[in-house]
Amino acid sequence: MRHIRTKVGVVGAALLTAAPLALSAPSATAVSPVTAAARQATAAPTVEEQRLSQRVPQEILRRSGFSGVAGTFAGGLARVDSYGAAKRYVTEAGRGLWRRAVDRVQGRGPQGGDLSRDDDRPLYWARLGMTKALREWKPDFRLSANQRDTLMGALERGSRGQDSIDLPGGGHAKTRVLRVVVTGFDPFQLDADARRSNPSGAAALALDGTTVRTSSGRLARVETAVFPVRWADFAAGTVERTLLPYFRRGPRQVDLFTTISQGRPGRFDLERTNGAWRGGYPDNARESRTETVPVPKGVPTVRPQPQWTTTTLPYAQLTAASTGPFPVRDNTAVTEIPAGGSSPVERPDGPTPGSTARAGGGGDYLSNEIGYRATLLRDALKLKVPGGHLHTPVLQFGAGNTDPKTGEVTDPDFVRNRTTITGQVRSILTTALSVASGTMEK
């Protein structure tokens, strides 16, 4: 496997080459004074940003070389003299943070500290430092609330890899490089333990811009992105906005996709069925949603909205293959309200006709929802490729490091567990691509 993306912007290059971060800010220029009332009022830090002051996030940032990211970004913002310049600066800064995190995980550039390179947490906490700085920024020109929101969206998308997916185009169907999109998630459940990492996010960083070779010798290009653990972002269409350009028919349409999240201890699960239900568990912003999965306006969808969607990943071959130390299960269980019924019923073998979803195989949280949204978009566009959701094993600390109040932010077992999960994700993906390429060549 090799990394094949090399093109980044000027600000992005500054972000990923310096340790500590050296971000090239715009040159200072004279600006017309404005009254205090004309300057956009700042907002209070979000729930996620408030966690930044805790010991664990600060230690993770310091031990990864990312502790200067927010300050350098804020210093650059202070020298921006127009909204247009701010938009360019923020967009490039977000993309630069993503590239720096990818490069650190993939072994390029300075490690920046003693925290293992495979760690996804520096990206998460550094991004929050940047969003907090942007939220508190008081520019010397008029900036509307909508404009600040636009800048925040650009920073979020850029620093998550969502707007830098770069799949190769063209080529004969039977010989060209295969195109793959993989998604992961931020760490979550951080009120219980701020040390938590998400192996799906770590796998996304490790795989982004790489190639894998199938059993028949075909090359596949893998592009990745990560998503927030926030109900509101999903309702606003962050998943569909990211995936739609590569699900549509065209020269860069995907040949395979998989959304990934952390699931159950000791096993991988291929989720056979996704349900159209949000169960209300609090997200990283401590918000809850209990409702039918809302489909954003303006994106292709299936009407009427289906209660269930189904994986097209080759689950039979993947569960039979030897891909690593963890078993890979074909998870067919769901929870439904049967047609004509009023109470939820667990079904080990999938939904019954006419039932209403209460949990897919992946549950009723954002893991299930991203699988539902991706496969619903696939079906709306009549995209005939393998795609679905994969749950990784739970990432665990070592036996003597389980107490979040006194425990260390890392330990050898924690690192080994994460790298093992990432390695098996790569193996599962390669196996799925080998099956898919064999079908294409027939």
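Residues numbered from 1 in each chain as written. Predicted model: local features only at pLDDT ≥ 70, side-chain atom pairs only at ≥ 80, totals over all residues. Heavy atoms only, no water.

**Quick notes on unusual backbone geometry**
Now for step 1: Cis geometry is found at the peptide bond from Arg303 to Pro304, where omega equals -10°.
Now for step 2: Its place among the elements puts Pro304 in the loop between strand 8 (290-292) and strand 9 (308-310).
Now for step 3: The phi torsion at Lys382 lies on the positive side, around 55°, for a residue other than glycine.
Now for step 4: Locating Lys382 in the fold gives a position in the loop between helix 12 (366-380) and strand 14 (387-392).
Now for step 5: Using a relative accessible area of 63% as the deciding quantity, one classes Lys382 as exposed. (Helix = DSSP H or I, 4+ residues; strand = E, 2+ residues; numbered from the N terminus. Buried < 20%, exposed > 50% of the residue type's maximum accessible area, 1.4 Å probe, protein only.)

**Digging into the sheet that holds strand 11 (residues 334-337)**
Now for step 1: Pairing in this open sheet of three strands is antiparallel, and the strands run 12-11-13 from one edge to the other. Edge positions in the sheet fall to strand 12 (345-347) and strand 13 (356-359), since each of these pairs with one other strand and no more. The mean angle between the axes of side-by-side strands here comes to 40°, regardless of whether they run parallel or antiparallel.
Now for step 2: In terms of strand pairing, strand 11 meets strand 12 through three bridges, oriented antiparallel. Paired with Val334 across the strands is Arg347, a residue of strand 12. (Pairing = 2+ DSSP bridges. Axes fitted to C-alpha atoms, helices over the stretch in contact; angles between N-to-C directions.)

**Examining the sheet that holds strand 10 (residues 328-331)**
Now for step 1: One open sheet accounts for seven strands, arranged 2-3-1-4-14-5-10; its pairing is mixed. Since the sheet does not close on itself, it has two edges, and those belong to strand 2 (210-213) and strand 10, each with one partner. Sheet twist, expressed as the average angle between the axes of neighbouring strands with direction ignored, equals 30°.
Now for step 2: As paired elements, strand 4 (residues 256-262) and strand 14 share six bridges and run parallel to each other. What sits directly across from Thr258, in strand 14, is Gly388.

**A closer look at the confidence of the model for the protein**
Now for step 1: With 90% of its residues at a pLDDT of 70 or more, the protein shows a mean pLDDT of 91.
Now for step 2: Note that pLDDT drops below 50 for residues 1-38; the model gives that stretch 83 contacts with residues more than four away or on any other chain. (pLDDT = per-residue confidence, 0-100. Contact = heavy atoms within 4.5 Å.)

**Topic: the environment of Asp103**
Now for step 1: Mapped onto the elements, Asp103 comes out in helix 5 (residues 83-105).
Now for step 2: For Asp103, a relative accessible area of 9% gives the class buried.
Now for step 3: For the pair Asp103 and Ala206, spaced 103 residues apart in sequence, the C-alpha to C-alpha distance is 8.6 Å.
Now for step 4: A polar atom in the side chain of Asp103 sits 2.6 Å from the side chain of Arg108. (Polar contact = N/O pair within 3.5 Å; in protein donor to acceptor, adjacent residues only side chain to side chain.)

**Observations regarding the environment of Pro168**
Now for step 1: Mapped onto the secondary structure, Pro168 falls in the loop between helix 7 (145-159) and strand 1 (178-185).
Now for step 2: Overall, Pro168 belongs to the partly exposed group, its relative accessible area being 25%.
Now for step 3: For the pair formed by Pro168 and Pro251, sequence separation is 83 residues and the distance between their alpha carbons is 8.0 Å.
Now for step 4: Setting aside residues no more than four positions away along its own chain, Pro168 makes contact with Val177, Arg179, Arg221, Pro251 and Arg252.

**Here we look at the side chain of Ser367**
Now for step 1: By the secondary structure assignment, Ser367 is in helix 12.
Now for step 2: A relative accessible area of 11% means that Ser367 is categorised as buried.
Now for step 3: Within the structure, Ser367 has its side chain in polar contact with the side chain of Ser261 (distance 2.7 Å).
Now for step 4: Setting aside residues no more than four positions away along its own chain, Ser367 makes contact with Phe185, Ser261, Gln262, Gly362, His389 and His391.

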